[in-house]
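Take a look at the letters that make up each chain.
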Amino acid sequence: MSKLHIRKLDNELAELISFMTNNTWDYHTDPKPRKEQIEKAFRNGWYQEDREAFWVEHDKDKIGLIIIHDISDTITLFDIRFANHARGKGYGKIAVSWIVDYLFNLPDKKIRIEAYTRSDNLAMRKTLSNCGFVKEGYLRQAWENNDGSVSDSVLYGMIRHDWENKVQTQIEIDKLPF
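Structure report, in brief.

What counts, and where the lines are drawn
Residues numbered from 1 in each chain as written. Predicted model: local features only at pLDDT ≥ 70, side-chain atom pairs only at ≥ 80, totals over all residues. Heavy atoms only, no water. Patch = residues over 30% accessible without salt bridge, like charges linked within 9 Å, V, L, I, M, F, W, Y side chains within 5 Å. Areas by Shrake-Rupley, 256 points an atom, 1.4 Å probe, with all protein chains shown as cover. Salt bridge = Lys/Arg side-chain N within 4 Å of Asp/Glu carboxyl O. Lys, Arg positive; Asp, Glu negative; His and termini not counted. Charge placed at Lys NZ, Arg CZ, Asp CG, Glu CD. Helix = DSSP H or I, 4+ residues; strand = E, 2+ residues; numbered from the N terminus. Buried < 20%, exposed > 50% of the residue type's maximum accessible area, 1.4 Å probe, protein only. Polar contact = N/O pair within 3.5 Å; in protein donor to acceptor, adjacent residues only side chain to side chain. Contact = heavy atoms within 4.5 Å. Axes fitted to C-alpha atoms, helices over the stretch in contact; angles between N-to-C directions. Parallel < 35°, antiparallel > 145°, perpendicular 65-115°, else oblique. Left-handed = near helix turned anticlockwise from the far one by under 90°. Nonpolar A, V, L, I, M, F, W, Y, C, P; charged D, E, K, R; others polar.

Some remarks on a negative patch on the surface
(1) Moving on: A cluster of like negative charges, contributed by Glu49, Asp50, Asp70 and Asp73, occupies part of the molecular surface.
(2) Moving on: Looking at where Asp50 falls in the secondary structure, it is placed in the loop between helix H2 (35-43) and strand E2 (51-58).
(3) Moving on: Residue Asp50 is classed as partly exposed on the basis of its relative accessible area of 31%.

Here's what the structure looks like:
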């Protein structure tokens, strides 16, 4: 597998629209966003306001998109999407590891990184676990989908201490019965 290149999303609206509309996002709120939605969000600053967005490229092909939310906060979260043809090839683990290193190496000392995913997104759940994230919560009916359905969600977290010490500290969620 050749190396991935991750770089900031620039003023690349046409490429963003193409990427978002030519792939399906089954585990996202809107699995098939429309051109007008993406264009409006981009022009209104959604990809920039307290966020950083990055392309994931493989041999100059844009195969993924990373959006880091709450970038000015000490606790951040992220969204990651891969093109249909790039899924299941191990790129997710590389990209998530890059996100963790990038955020914890920023000068403002991030405390933790959070990731939410639908409970049925087994590939993402496995990727997060393999990258050292700890499953911290199961949220019932917490993910509203555009089709009116509601899905369960799972919260994963990575704390600075674990990243620095290359450990995965399990939580004590069941220490007490309440």
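Structural notes on the side chain of Glu114
(1) Moving on: Note on placement: Glu114 falls in strand E5 (residues 112-118).
(2) Moving on: With relative accessibility at 16%, the residue Glu114 sits in the buried group.
(3) Moving on: Polar side-chain contacts of Glu114 include one of 3.4 Å to the side chain of Tyr116.
(4) Moving on: When sequence neighbours within four positions are dropped, the list of residues in contact with Glu114 reads Ile75, Thr76, Leu77, Phe78, Leu155 and Tyr156.

Let's talk about the packing of helix H1 (residues 13-21) against H2
(1) Moving on: One way to put it is that H1 packs onto H2 with a least axis distance of 9 Å and a crossing angle of 140°. By the criterion of interaxial angle, the relationship of H1 to H2 is oblique. The hand of the H1/H2 crossing is right-handed. Facing Leu13, Leu16, Ile17, Met20 and Thr21 of H1, the residues of H2 in contact are Lys35, Ile38, Glu39, Phe42 and Arg43.
(2) Moving on: Grouping the constituent residues of the contact of H1 with H2 by class yields 6 nonpolar, 1 polar and 3 charged.

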